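# Structural overview for review
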Amino acid sequence: MGFSTRYRGNILVVSLSGELDHHTADELRQTVEKELDKDIARHILLDLSQLVFMDSSGVGVLLGRYRRILAQGGKMAAYSLHPHLEHLYEVAALSKVIPAFASENLAVNELKKDEGLRR
Amino acid sequence: MNGWVELRIPALSQNESFARMVVAFFALQAGDWSVAELNEIKTAVSEAVTNAIIHAYEDNLDTGDIVVQGQATPGTLEVTITDFGRGIADIVRAREPLFTTKAHEERSGLGFTVMENFMDELTVTSSPRQGTSIRMVKYLNLTTVQ
Ligand SMILES: Nc1ncnc2c1ncn2[C@@H]1O[C@H](COP(=O)(O)OP(=O)(O)O)[C@@H](O)[C@H]1O
Ligand SMILES: [Mg+2]
């Protein structure tokens, strides 16, 4: 699998491509953890447009990152969910914790929604 | 088309994608599966093979083998994934959604839930220290068979 990271303000945007399974999970875990250690990110946003495969091991890694960002008072979201992931998203009830939006901007709006209130 | 395939591989994580690819290619040449169905087959195979690697053989290198068997008849695909590892003591419990014996390793406990939802039949046979066999069947959508 491949991934790249960038920042949009205080949002860490992670673009995933290829296949996320138990074999590739560690790499993703380490990359995201390293970025979170920099203390720049308040929220995490996943670009899932190029991720053509994911199984429950992938779900485990995503939920692990979700727990950390939640503990820091942040949120996690996704956008452009690849059609191959739709059934897994539904079976794992992922939209409850990592809601998926049609575009990056829609997801960013959601992440920033109640930020002003908390400061 | 009728046919079968059998694959014996060492329990290494890099073989997870290999095993699901082989089954997907086999399914594709045997039946008229949709892209969505093929993806469900791949995901279910990935779950069973991954479980053999991390649970049956405890993620140790040089442990054991995994046997992946596929059988196709017109309209059905049957896949069996067998390991010779530690076995499952309580199958009913293991199949419960979110149940995992490795929560500290960020397991989601959803492997069996995915297999159940993505395939039409799931049979789990296991005995302690002998191993585990996962048999899954999927039926071609009746409207696409014609
Ligand atoms: N092949 C196997 N050998 C031994 N134990 C297994 C095997 N497959 C599954 N298990 C047991 O069943 C539990 C549930 O499996 P699963 O639903 O895939 O969740 P997870 O893999 O996330 O733990 C595992 O935590 C493990 O204890
Ligand atoms: Mg599993």
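This text goes with the structure placed above it.
## Quick notes on the interface of chain B and chain A
- Each partner contributes residues to the interface: chain B has 26 residues there, and chain A has 21 residues.
- Here chain B packs against chain A, burying approximately 1900 Å² in sum over the two surfaces, 50% of which is carbon and sulfur.
- Sorting the residues of chain B by area buried against chain A places Arg20(B), Asn39(B) and Glu106(B) first, and these three jointly supply 29% of that buried surface.
- In this assembly, chain B and chain A are joined by five salt bridges.
- Arg65(A) is paired through a salt bridge with Glu106(B); the nearest N and O atoms lie 2.8 Å apart.
- Our count for the chain B to chain A interface comes out at 14 residue pairs in polar contact (both at pLDDT 80 or more).
- The element that contributes the greatest number of residues to the side of chain B that touches chain A is helix H2 (residues 35–56) of chain B, accounting for ten residues.
- Its residues placed into classes, the side of chain B that touches chain A shows six nonpolar, eleven polar and nine charged.

## So, the site of ligand 1
Residues and elements named next belong to chain B.
- Taken together, 19 residues lie around ligand 1, and Asn51, His55, Thr100, Thr101 and Gly109 are the ones closest in.
- At a separation of 2.9 Å, a nitrogen atom of ligand 1 approaches a polar side-chain atom of Asp83.
- For ligand 1, an oxygen atom lies 3.5 Å from a polar atom in the side chain of Arg107.
- In the complex, the protein chains occlude 97% of the 530 Å² of accessible area that ligand 1 would expose alone.
- Secondary-structure elements contributing two or more residues to the shell around ligand 1 are H2 and helix H4 (111–118).
- Ranked by the residues each element gives to the shell around ligand 1, the list is headed by H2, at four residues.
- Among the residues forming the shell around ligand 1, the class breakdown is seven nonpolar, nine polar and three charged.

## Quick notes on the sheet that holds strand E4 (residues 76–79) of chain A
- Reading across from one edge, E1-E2-E3-E4-E5 (chain A) is the order of the five strands in this open sheet, with mixed pairing throughout. Each edge of the open sheet carries a strand with a single partner, namely strand E1 (2–8) and strand E5 (100–101) of chain A.

## Overview of helix H2 (residues 56–71) of chain A
Residues and elements named next belong to chain A.
- Taking 1.5 Å per residue as the helical rise, H2 with its 16 residues ought to reach 22 Å, and the 22 Å between its terminal C-alpha atoms agrees with that figure.
- In terms of burial, H2 is a largely internal element, twelve of the 16 residues being buried.
- Buried within H2 are the following residues: Ser56, Ser57, Gly58, Val59, Gly60, Val61, Leu62, Leu63, Gly64, Arg65, Tyr66 and Ile69.
- If you check the start of H2, you find a side-chain oxygen 3.0 Å away from the backbone N of Ser57, and it comes from Asp55.
- One or two steps after H2, the chain reaches Gly73, where phi turns positive at roughly 85°.

About the thresholds
Residues numbered from 1 in each chain as written. Chains lettered and ligands numbered in written order. Predicted model: local features only at pLDDT ≥ 70, side-chain atom pairs only at ≥ 80, totals over all residues. Heavy atoms only, no water. Contact = heavy atoms within 4.5 Å. Buried area = accessible area lost by both parts, 1.4 Å probe. Salt bridge = Lys/Arg side-chain N within 4 Å of Asp/Glu carboxyl O. Polar contact = N/O pair within 3.5 Å; in protein donor to acceptor, adjacent residues only side chain to side chain. Helix = DSSP H or I, 4+ residues; strand = E, 2+ residues; numbered from the N terminus. Nonpolar A, V, L, I, M, F, W, Y, C, P; charged D, E, K, R; others polar. Near = heavy atom within 4 Å. Areas by Shrake-Rupley, 256 points an atom, 1.4 Å probe, with all protein chains shown as cover. Pairing = 2+ DSSP bridges. Expected span 1.5 Å × (residues − 1). Buried < 20%, exposed > 50% of the residue type's maximum accessible area, 1.4 Å probe, protein only.

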